[in-house]
Amino acid sequence: MKSVLSLPMFIIHLILLFSSFDLVVAAAASSIQPLCHDDESSALLQFKESHILDSSVSDDPNAYPKVKSWNVNGGDCCSWEGVECDQASGYVINLDLSSSRLYGSINSTCSLFRVVHLQRLNLADNHFNQSIIPPEVGAFSGLNYLNLSRSSFSGQIPVEILKLSNLESLDLSGNALQLRNPGLGSLAAMLTHLKLLHLGGVNVSSFVPHSLANFSSLKSLDLEDCGLYGEFPAGIFHLPSLQLLSIQSNLFLTGYLPEFNQSSPLELLFVGNTSFSGNLPYSLGSLKSLNQLDASRCQFSGLVPYSLANLTQLTYLSLAFNNLSSWNLSWLGKLTKLSYLDLVETNLYGNIPSSFQNLTQLSAVRVHRNLLTGRFPSWLGNLTQLTQLLLSKNNMHGPLPESISKLTNLKQIELFSNSFNGTLEFDMFLNMKSLLDLQLSRNDLSVVLNRKVNATFPKLKLLGLGSCNLTEFPNFLRGQDQVSLLFLDGNNIHGKIPKWMLNVSKETLVFLQLDNNFLTGFEEPPAILPWVSLKYLSLSCNNLQGPLPIPPASVAYYDFSNNQLTGEISEMICNLTSILFLDLSNNIISGILPQCLGYLGNSLSVLNLRNNSIGGSIPPTY
């Protein structure tokens with residue numbers, strides 16, 4: 001017998017069926033993000049069209065134009081790169097156009113200010129052509145993240161920025177901005193929810209408000225190079241969430257490093273190039289998360305705490321240029337993650353310890369201007385990550401080992417002003433294809449040169465071979481066209497300066513030191529010396545004969561004293577409008593003193609013409 005549903009029951013089943021269908025449709029609809037609003041889509045496209053894409057804007061290798069794919073037929077703008085919308089309302093809430101190679105201006109009529117529901121705005125690493133930040137930025141009342149760093153903004157930061165009371169992250173660093181009205185105090189009073197505040201390079205020119213020490217949620221504070229002065233509030237070091245603190249390059253900012261808590265999460269601490277003073281506290285060693293520490297160029301004194309050996313996460317350590325008590329490197333071998341070490345002029349003494357072999361990640365060792373002794377360790381050649389090795393102006397001695405040639409990644413090696421001795425084959429540097437700076441001057445070395453022209457030698461910018469017992473000009477210089485500073489002084493180079501030497505780095509040479517040799521002149525005397533960028537030229541204490549060579553107009557320091565130059569001083573010398581130092585003393589120069597020398601009186605600081613046979617009157621300027 002078939003069961004038959006009554007009419008009321010049938011209607012109930014029908015209602016339930018349609019209700020279920022409606023629920024499925026509603027669920028499906030809710031999973032589809034609404035199209036972005038036409039007015040916001042139009043505003044974003046207008047912003048794109050008001051800027052050009054310039055590949056030279058950013059140095060970031062990952063930079064690319066995120067707006068390039070935006071177009072009017074591109075459908076839902078919520079799907080455009082760099083754009084994020086609220087899933088419920090369809091309004092644009094996140095705009096990330098960082099490193100997008102945008103070039104152009106921003107003003108009060110900028111269409112971006114019509115996208116009023118933004119919660120996050122990132123325009124970092126673009127070029128907005130020294131635009132003023134428009135006061136309309138205050139219209140983004142829901143903004144909690146604002147990053148305009150490194151984007152060529154300028155002028156006063158508008159007071160309307162204080163309206164953004166929900167901001168948790170504010171980064172305006174790397175711009176030619178000023179924070180005067182409002183000042184840093186006003187900003188700290190109004191934006192009390194900040195977790196990140198980066199103003200590096202902004203001209204603040206004020207003291208640091210003590211109220212910042214109350215920002216318990218602050219994780220990152222960058223006030224580098226802001227013109228800060230007064231005493232830095234010590235309480236900021238104790239903020240419980242602080243991971244990054246950078247106040248470096250504020251020369252008139254005073255303060256000290258307090259005792260630190262073991263629970264401190266500090267990872268990056270930069271106080272260098274300030275007027276901080278006092279001792280480095282032993283409790284520094286309790287900052288177990290510390291990754292980078294820069295306390296260079298301050299007024300710290302006293303002992304370096306050996307507790308720093310506990311900072312096993314350190315990759316960067318700089319204590320350079322402080323008046324520290326004598327100390328040695330014995331404990332540094334525990335910092336096996338260290339890649340950058342800068343201890344210039346810190347009263348270091350003793351040998352470079354063998355424990356240094358543990359520091360296999362080192363890329364830069366800067367320990368010049370100290371009291372280090374001992375030999376150059378042959379095992380240093382195993383630290384193949386090194387790009388910078390600066391040991392100059394110490395008391396090290398002995399021969400330089402062949403293992404140096406294994407440091408093929410070196411860009412800079414400076415060993416001058418030590419007591420290294422023995423014979424050194426110059427070709428050991430041939431494998432250093434990235435080498436730019438090589439300084440061996442003022443040791444007791446005898447450098448042996450390959451007489452063949454070696455076109456494969458790295459292109460140097462600085463070469464120091466002073467007092468290296470050279471007897472001739474290094475032939476490999478024929479292939480050098482980028483040298484800026486060249487030291488060949490204090491050698492035994494005899495005879496004339498070869499003609500080819502005048503073609504070495506004609507466009508780039510700025511500093512040339514050839515004094516204290518046995519040079520007699522030029523193989524082919526030039527009317528004017530050919531180095532168009534030359535600032536410093538010293539050929540004193542040689543046996544130069546003939547007329548005075550005329551340098552290029554760029555020269556500021558010109559020393560041909562203690563030679564056997566003859567003839568008169570040419571009036572062409574008066575073209576040296578940048579000259580500061582001119583020494584032609586102890587020669588056999590004769591003739592009348594050019595009266596046009598008087599025109600150089602505004603720039604010239606030293607004029608030495610003694611022990612010559614020069615006549616005439618002294619210009620009234622002098």
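Just so you know, these numbers come straight off a predicted model, no measurement behind them. (Residues numbered from 1 in each chain as written. Predicted model: local features only at pLDDT ≥ 70, side-chain atom pairs only at ≥ 80, totals over all residues. Heavy atoms only, no water.)

### Let's talk about the overall build of the protein chain
Turning to step 1, where the next piece is worked out: For the protein chain, the helix and strand inventory stands at three helices and 44 strands.
Turning to step 2, where the next piece is worked out: Relative to the compact-globule value of 25 Å for 622 residues, the protein chain shows a C-alpha radius of gyration of 34 Å, a clear excess of over 25%.
Turning to step 3, where the next piece is worked out: On the principal axes, the C-alpha backbone points of the protein chain span a range of 135 × 55 × 55 Å.
Turning to step 4, where the next piece is worked out: Of the contacts formed within the protein chain by residues at least 6 apart in sequence, a portion of 55% connects residues at least 24 apart.
Turning to step 5, where the next piece is worked out: Summed over all atoms, the accessible surface of the protein chain reaches about 27700 Å², with 52% contributed by carbon and sulfur. (Helix = DSSP H or I, 4+ residues; strand = E, 2+ residues; numbered from the N terminus. Rg over C-alpha atoms; globule rule 2.2 N^0.38 Å. Contact = heavy atoms within 4.5 Å. Areas by Shrake-Rupley, 256 points an atom, 1.4 Å probe, with all protein chains shown as cover.)

### A look at the sheet that holds strand β8 (residues 153–156)
Backbone-to-backbone hydrogen bonds pair the strands of a sheet. The strands run either parallel or antiparallel.
Turning to step 1, where the next piece is worked out: With respect to topology, three strands assemble into an open sheet ordered β6-β8-β10, the strand pairing being parallel. Pairing within the sheet leaves two strands with one partner each, and these edge strands are β6 (131–132) and β10 (176–178).
Turning to step 2, where the next piece is worked out: Of the pairings in the sheet, the one linking β8 to β10 comprises three bridges and is parallel in character. Of the residues in β10, the one forming a bridge with Gln156 is Gln178. (Pairing = 2+ DSSP bridges.)

### Side note on the side chain of Ser98
Turning to step 1, where the next piece is worked out: Note on placement: Ser98 falls in the loop between β3 (92–96) and β4 (102–103).
Turning to step 2, where the next piece is worked out: Residue Ser98 is classed as buried on the basis of its relative accessible area, which comes to 16%.
Turning to step 3, where the next piece is worked out: Polar side-chain contacts of Ser98 include one of 2.8 Å to the side chain of Asp96.
Turning to step 4, where the next piece is worked out: Residues in contact with Ser98, not counting those within four places in the same chain, are Lys66, Asn122, Leu123, Ala124 and Asn126. (Buried < 20%, exposed > 50% of the residue type's maximum accessible area, 1.4 Å probe, protein only. Polar contact = N/O pair within 3.5 Å; in protein donor to acceptor, adjacent residues only side chain to side chain.)

### Focus on the sheet that holds strand β31 (residues 444–448)
Turning to step 1, where the next piece is worked out: Taking strand neighbours across the sheet as the criterion, the three strands line up as β27-β29-β31 in an open arrangement whose pairing is parallel. Sheet topology places β27 (397–398) and β31 at the edges, where each strand pairs with a single neighbour.
Turning to step 2, where the next piece is worked out: By the bridge criterion, five bridges tie strand β29 (residues 419–425) to β31 in an arrangement that is parallel. If you follow Gly422 over to β31, its bridge partner there is Leu445.

Worth remembering: the numbers are spatial, not functional.
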